[in-house]
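# Notes for the structure review
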Amino acid sequence: GQNIDQPTEMTATEGAIVQINCTYQTSGFNGLFWYQQHAGEAPTFLSYNVLDGLEEKGRFSSFLSRSKGYSYLLLKELQMKDSASYLCAVREDNAGNMLTFGGGTRLMVKP
Amino acid sequence: ETGVTQSPTHLIKTRGQQVTLRCSSQSGHNTVSWYQQALGQGPQFIFQYYREEENGRGNFPPRFSGLQFPNYSSELNVNALELDDSALYLCASSLSNNEQFFGPGTRLTVL
């Protein structure tokens, strides 16, 4: 089984940088995903890490440390439209394409 | 827009009834996964279909069943509905083990 933890809520200011952490415990690991979900909408794919290190994609970056069971999503130059839930999900070895999600972090961006 | 569609958008049922939810996958995708998302929580994996065969199942009772058709569209059936089945049901399609693209979801309310 898997256990995935991320903070429930965070608040940040427009234009700032915010880091959303995710820790996981798994019997096998085959990749970590970050999704963004606006209220009432479907999750949309943000990033994928399977090797240690930082993946950068525009204003969003994601970091993975497999030995520590740790990832973070970094959002730069925050905009009001970044207010959403951010979901961390882990794919386990030998589990097809099944994703196990954390509870999500609700980010509120204030002016 | 992910190219994944789901129907219906909203549905209200009463306890004990049966429901069928539908999902059309993105063109070229052969794998469909279904998730249940309760309010304020992350999605929970129900099951996955790959080339018309069930390819993995989460911790859901047998009254949750599914199908995948030759065109890779899929159905989720839930029998003997319970109040706790009220949730957003998300379908995600992918090409084998690549990133999953989510549909807009079906909001099911059980009264």
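Residue positions are given per chain, counted from 1 along the sequence in the order it is written. Each chain gets a letter, beginning with A, and each ligand a number, beginning with 1, in the order they are written. For a predicted model such as this one, the threshold for reporting local features is a pLDDT of at least 70, and the threshold for listing and counting side-chain atom pairs is 80 or more; totals across whole chains, interfaces and linings nevertheless cover every residue. Only hydrogens and water are removed before side-chain values are computed, so all heavy atoms of the structure are retained for them.

## Considering the nonpolar core
Residue and element names in this part refer to chain A. Residues belong to a common nonpolar core when they are buried Ala, Val, Leu, Ile, Met, Phe, Trp, Tyr or Cys residues joined through side-chain atoms within 4.5 Å. Only protein chains enter the calculation, and the probe is 1.4 Å; a residue is then buried if its accessible area is under 20% of its type maximum, exposed if over 50%, and partly exposed in between. Membership of the largest hydrophobic core comes to 21 residues, with the highest contact counts inside it found for Y24, L32, W34, L75, L78, Y86 and L107. Helix numbers and strand numbers start at the N terminus; a helix is a DSSP run of H or I with at least 4 residues, a strand a run of E with at least 2. Contributions of two or more residues to this core are made by β3 (18-26), β4 (32-37), β7 (60-65), β8 (70-75), β9 (84-91) and β11 (105-110). Between two residues, a contact is recorded if the distance between any of their heavy atoms is within 4.5 Å. If near-sequence neighbours (up to four positions away) are discounted, L32 is found in contact with C22, Y24, S47, Y48, N49, L64, S71, C88, A89 and V90.

## Let's talk about unusual backbone geometry
At the junction of S7 of chain B and P8 of chain B, the peptide bond is cis and its omega measures out at -5 degrees in the coordinates. Along the chain, P8 of chain B falls in the loop between β1 (5-7) and β2 (10-13). Even without a glycine there, the phi angle at E77 of chain A is positive, about 45 degrees. The phi angle at E52 of chain B is positive, at roughly 75 degrees, despite the residue not being glycine. Tracing the backbone shows E52 of chain B in the loop between β5 (44-50) and β6 (53-57). The partly exposed category is assigned to E52 of chain B, whose relative accessible area is 39%.

## Looking at the layout of surface pockets
Size it by volume and the largest pocket reaches roughly 470 Å³. Lining the largest pocket are 25 residues, with Q37, S85 and R106 of chain A together with Q37 and G40 of chain B sitting closest to its centre. At the level of secondary structure, the elements contributing two or more residues to the lining of the largest pocket comprise β1 (2-5), β9 and β11 of chain A. Charged residues are taken to be Asp, Glu, Lys and Arg, nonpolar residues to be Ala, Val, Leu, Ile, Met, Phe, Trp, Tyr, Cys and Pro, and polar residues to be all remaining types, Gly included. Residues of the lining of the largest pocket, tallied by class, amount to nine nonpolar, 12 polar and four charged. Points on a 1 Å grid, built from protein atoms alone, make a cavity when a 1.4 Å probe fits but cannot get out and make a pocket when they are open with protein on both sides within 12 Å along at least 5 of 7 lines; residues with an atom within 4 Å of a point are the lining residues. Grid points are joined across faces, edges and corners, and a volume is the space filled by probe spheres set on the points. By volume, the second largest pocket is sized at about 300 Å³. The dominant element in the lining of the second largest pocket, judged by the number of residues it contributes, is strand β10 (residues 99-101) of chain A, at three residues. Residues belonging to the lining of the second largest pocket are distributed by class as follows: six nonpolar, eight polar and no charged.

## Looking at the pairing of strand β6 (residues 53-57) of chain A
Residues and elements named next belong to chain A. Any two strands between which DSSP finds at least two bridges are classified as paired. Here β6 pairs with β7 via five bridges, running antiparallel. Bridge assignment links K57 to a residue of β7, and that residue is F60. The hairpin turn running from β6 into β7, its antiparallel successor, is two residues long, and G58 in that turn takes a positive phi close to 65 degrees.

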